[in-house]
Amino acid sequence: QVDIVESGGGLVQPGESLRLSCEASGTIAEIVAMGWYRQTPGAQRELLAERTPGGGTSLSDSVKDRFTFFRDNSKNSASLQMNKLKPDDTAVYYCHAQIRANWWEAPVDYWGRGTQVTVAS
């Protein structure tokens, strides 16, 4: 059993910053990939940042000059530092992890419940 928990969302004004955190817990042999998505009503979930299976980090062009992704392997956690927030950044932000519970099993996708980020004056 694996649980993904996000924290750090909230209401901020344009230009301000927020840091989102995500932690995976439970039976975990390996976190193959971990990252952040966001979604607005009626739209598809958008990939923002992810540490890939090869160890590299991908960051969406739409946010790479304002957002920074951190991955802490020792704590099964990942963070997203969001600076210079805009009203268009308003969305529900989801943490995603691809986790192998035991070494002999294939990785499985897990999602957190989401955290709301609202950017408004």
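This write-up is about the structure you can find in this document. (Residues numbered from 1 in each chain as written. Predicted model: local features only at pLDDT ≥ 70, side-chain atom pairs only at ≥ 80, totals over all residues. Heavy atoms only, no water.)

Next up on the list: the overall build of the chain. A tally of regular secondary structure across the chain gives zero helices and eleven strands. Traced from its N-terminal end to its C-terminal end, the chain shows the element sequence β-β-β-β-β-β-β-β-β-β-β. Computed over the C-alpha atoms, the radius of gyration of the chain is 14 Å, within 12% of the 14 Å expected from 2.2 N^0.38 for a compact globule of 121 residues. Counting only C-alpha atoms, the chain reaches 50 × 25 × 25 Å along its principal axes. Counting the 121 residues in the chain, one finds 38% classified as buried. Taking the intrachain contacts of the chain between residues at least 6 apart in sequence as the baseline, contacts between residues at least 24 apart amount to 56%. Carbon and sulfur atoms form 47% of the exposed surface of the chain, whose accessible area is close to 6500 Å². (Helix = DSSP H or I, 4+ residues; strand = E, 2+ residues; numbered from the N terminus. Rg over C-alpha atoms; globule rule 2.2 N^0.38 Å. Buried < 20%, exposed > 50% of the residue type's maximum accessible area, 1.4 Å probe, protein only. Contact = heavy atoms within 4.5 Å. Areas by Shrake-Rupley, 256 points an atom, 1.4 Å probe, with all protein chains shown as cover.)

The pairing of strand 4 (residues 30–39) with strand 5 (residues 46–51) spans five bridges and is classified as antiparallel. Looking across to strand 5, one finds that Trp 36 is bridged to Ala 49. As paired strands, strand 5 and strand 6 (residues 57–59) are joined by three bridges and run antiparallel to one another. Paired with Arg 51 across the strands is Thr 57, a residue of strand 6. The loop that links strand 5 with its antiparallel partner strand 6 comprises five residues; one of these, Gly 55, has a positive phi angle of about 100 degrees. (Pairing = 2+ DSSP bridges.)

To continue, consider unusual backbone geometry. In this structure, Asn 76 takes a positive phi of about 50 degrees despite not being glycine. Following the sequence through the fold, Asn 76 ends up in the loop between strand 7 (67–72) and strand 8 (77–82). One non-glycine residue, Lys 84, lies in positive phi territory at about 50 degrees. Position of Lys 84 among the secondary structure elements: in the loop between strand 8 and strand 9 (91–100). Judged by its relative accessible area of 59%, Lys 84 is exposed.

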